[in-house]
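Single-letter residue listing:
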Amino acid sequence: MLQNALADAGYPGHVVVACSGGPDSLALAAVAAYFARRGHVDGRPLTVGAVVVDHQLQEGSGDIAARTAKTLEELGLSPVEIRTVTVAGAGMGPEAAAREARHAALEAAAAGQGAGAILLGHTLDDQAEQVLLGLARGSGSRSLAGMRPSRAGAGNSVLLRPFLGLRRADTEEICAVEDLDPWHDPTNADPAFARSRTRVEVLPHLEENLGPGVAESLARTAAILQLDADYLEAVAESTFASLVERDGGTLALPEEALRALAPAIRFRVIAKAAADVGGQQPSYQRLLAAEALLRRQGSAGPVELPGGVSVYRLSLAQLEGSKDAGVPGAQGGPGSVPRERARCGKLVFRSQKPPAK
């Protein structure tokens with residue numbers, strides 16, 4: 001699996017393993033160490049380093065990180081780094097904040113080592129849990145597609161998950177065969193976290209009542225949806241590029257063209273417009289509110305989207321009448337937006353964030 005992942009990534013010359021000391025990442029480190037000792041993959045040179053991220057969220061986390069780093073050095077990985085982070089994400093839950101801090105540390109370590117790839121130890125069980133959490137949130141296909149086996153990182157490295165086809169029991173067996181003593185994170189069984197409840201309660205309950213193979217079926221669903229999501233994303237990207245009109249920090253999309261799109265593409269194009277002016281991924285409810293402006297029923301906006309983005313509708317008559325007509329506050333009193341008076345116009349997206357100093 002790792003060999004295939006590295007081949008698909010173009011045989012990076014140096015990779016880093018993200019290792020917490022748990023069974024999954026420690027098993028991945030052991031497999032990577034095999035190729036590090038050989039010095040190549042399919043005849044292509046390879047060196048393997050490692051990164052241990054200390055989130056400082058548990059008592060004794062520094063000792064756990066140090067012990068894990070020592071194990072990795074004994075496996076032959078080099079260099080092995082410990083990156084200490086402070087988890088303090090504003091406006092997000094503790095799991096998301098820890099993930100953001102961890103990924104930033106991994107990217108920084110990979111850049112420092114000149115690594116072409118970061119290896120992550122997520123398994124098929126993790127993928128199944130991800131799909132269940134997406135279902136519980138009522139997410140779309142992008143979320144239900146789960147984690148990708150490979151995706152571009154924030155820097156010059158790619159994130160690889162070569163163990164997405166393995167069960168968690170497989171990684172524990174690898175650790176046993178390699179005589180490794182993994183650390184078992186107590187938060188993985190803490191019911192305070194949604195993912196932990198999914199892991200220790202929901203998925204076992206489904207396996208018990210629906211029969212074995214539920215995790216594999218959920219992971220297979222994610223793989224199928226990844227293909228669908230990739231196709232829809234490519235269509236939406238090209239459609240957005242062909243429709244977008246820019247005027248400084250403001251962005252507009254023609255109403256008539258938007259209404260002609262299939263809903264699956266239309267919603268994605270609206271989300272892309274919001275992201276383009278600095279917004280965040282809107283919820284389905286917010287997308288519905290923005291899309292409703294195209295029906296010319298009720299208000300012409302503005303509709304507020306996450307990340308400080310306002311979207312409103314300008315009619316063709318307003319656009320032709322004056323360059324100022326239809327701008328919020330231009331008519332009907334402060335903050336108002338004139339109503340639709342013509343057959344079509346534009347959906348306008350504008351960031352309400354103050355300019356960066």
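It should be emphasised that the depicted structure is a prediction, and the values quoted were computed from it without experimental measurement.

## Focus on the overall build of the protein chain
For the protein chain, the count of helices and strands is 13 helices and 13 strands. Taken over 357 residues, the protein chain has a buried fraction of 45%. Taking the contacts inside the protein chain whose residues are at least 6 apart along the sequence as the reference set, 69% of them involve residues at least 24 apart.

## Thoughts on the sheet that holds strand β9 (residues 245-247)
What the 5 strands build is an open sheet, ordered β9-β10-β13-β12-β11; its pairing is antiparallel. Two strands lie at the open edges of the sheet, namely β9 and β11 (303-305), each paired on one side alone. Strand-to-strand twist in this sheet, taken as the mean axis angle between neighbours without regard to direction, amounts to 25 degrees. Two elements, β11 and strand β12 (residues 309-315), share 3 bridges in a ladder whose sense is antiparallel. If you follow Val 303 over to β12, its bridge partner there is Val 311. Taken strand by strand, helix α9 (residues 214-243) contacts β9 and β10 (250-254), and its axis lies near 105 degrees from that of β10. On the sheet, helix α11 (residues 263-276) packs against β9, β10, β11, β12 and β13 (345-351) and is oriented at approximately 165 degrees with respect to β10.

## A few points about the packing of α11 against helix α12 (residues 284-292)
Orientation of α11 relative to α12, taken along the N-to-C sense of each, is 95 degrees, at an axis distance of 10 Å. The pairing of α11 with α12 is recorded here as roughly perpendicular in orientation. Across the interface between the two elements, Arg 266, Phe 267, Ile 270 and Ala 271 from α11 touch Leu 287, Leu 288, Ala 290 and Glu 291 from α12. Per-class residue counts for the contact of α11 with α12 are 6 nonpolar, no polar and 2 charged.

## Let's talk about the pairing of strand β5 (residues 80-84)
Each regular strand shows side chains that alternate between the opposite faces of the sheet. One ladder, built from 5 bridges, connects strand β4 (residues 47-54) with β5; its direction is parallel. Residue pairing across strands places Val 51 opposite Glu 81, the latter belonging to β5.

## Focus: the packing of helix α8 (residues 194-210) against α9
Axis separation between α8 and α9 bottoms out at 9 Å; the angle between their running directions is 110 degrees. Our classification of the angle between α8 and α9 gives roughly perpendicular. Only Val 214, Ala 215 and Leu 218 of α9 make contact with α8, whose side of the interface consists of Leu 203, Leu 206, Glu 207 and Leu 210. When its residues are assigned to classes, the contact of α8 with α9 shows 6 nonpolar, no polar and 1 charged.

## Here's the deal with the state of the cysteines
For the structure shown, the criterion picks out 0 disulfides. Lacking any disulfide linkage, Cys 19 is separated from the closest cysteine sulfur, that of Cys 175, by 8.7 Å. Residue class for Cys 19 comes out buried when judged on its relative accessible area of 2%.

## Quick look at the side chain of Gln 127
Within the secondary structure, Gln 127 sits in helix α5 (residues 124-137). For Gln 127, the side chain forms a polar contact with the main-chain nitrogen of Met 147, separated by 2.7 Å. Those residues in contact with Gln 127 that sit more than four places away from it in its chain are Ala 145, Gly 146, Met 147, Leu 164, Ala 219, Ala 222 and Gln 226.

## Focus: the confidence of the model for the protein chain
Averaged over the protein chain, the pLDDT score is 87; the fraction of residues at 70 or greater is 88%. In this model, residues 324-342 is a region of pLDDT below 50 whose contacts with residues beyond four sequence positions or in other chains number 48 contacts.

## Considering the sheet that holds β5
What the 6 strands build is an open sheet, ordered β5-β4-β1-β6-β8-β7; its pairing is mixed. At either margin of the open sheet sits one strand with a lone partner, and together these are β5 and β7 (150-152). The mean inter-strand angle of the sheet, taken between neighbouring strand axes irrespective of direction, is 25 degrees. In this structure, strand β6 (residues 117-119) lies alongside strand β8 (residues 158-160), joined through 3 bridges in parallel fashion. Residue pairing for β8: Leu 119 is matched across the bridge by Leu 160.

## Some words on the pairing of β10
Counting buried positions along β10 yields 5 of 5 residues, so the element is predominantly enclosed. Residues of β10 alternate between two faces, with Thr 250, Ala 252 and Pro 254 on one and Leu 251 and Leu 253 on the opposite face, all of them buried. Bridge count for β9 against β10 is 3 bridges, and the pairing is antiparallel. The residue bridging Glu 245 from the neighbouring strand is Ala 252, located in β10. Remark: 2 residues form the turn of the hairpin made by β9 and β10, two consecutive strands paired antiparallel; Gly 248 in that turn has positive phi of roughly 65 degrees.

## Some remarks on the nonpolar core
Among the nonpolar cores identified, the biggest contains 32 residues, and Leu 6, Val 17, Leu 72, Leu 77 and Leu 119 are the most heavily contacted of them. When residues in this core are grouped by element, the largest group, 8 residues, is from helix α2 (residues 23-38). With residues up to four places along the chain from it excluded, the contact list for Leu 72 reads Cys 19, Leu 26, Ala 29, Ala 50, Val 52, Leu 77 and Val 80.

Cut-offs and rules
Residues numbered from 1 in each chain as written. Predicted model: local features only at pLDDT ≥ 70, side-chain atom pairs only at ≥ 80, totals over all residues. Heavy atoms only, no water. Helix = DSSP H or I, 4+ residues; strand = E, 2+ residues; numbered from the N terminus. Buried < 20%, exposed > 50% of the residue type's maximum accessible area, 1.4 Å probe, protein only. Contact = heavy atoms within 4.5 Å. Pairing = 2+ DSSP bridges. Axes fitted to C-alpha atoms, helices over the stretch in contact; angles between N-to-C directions. Parallel < 35°, antiparallel > 145°, perpendicular 65-115°, else oblique. Nonpolar A, V, L, I, M, F, W, Y, C, P; charged D, E, K, R; others polar. Disulfide = S-S within 2.5 Å. Polar contact = N/O pair within 3.5 Å; in protein donor to acceptor, adjacent residues only side chain to side chain. pLDDT = per-residue confidence, 0-100. Core = buried A, V, L, I, M, F, W, Y, C linked by side-chain atoms within 4.5 Å.

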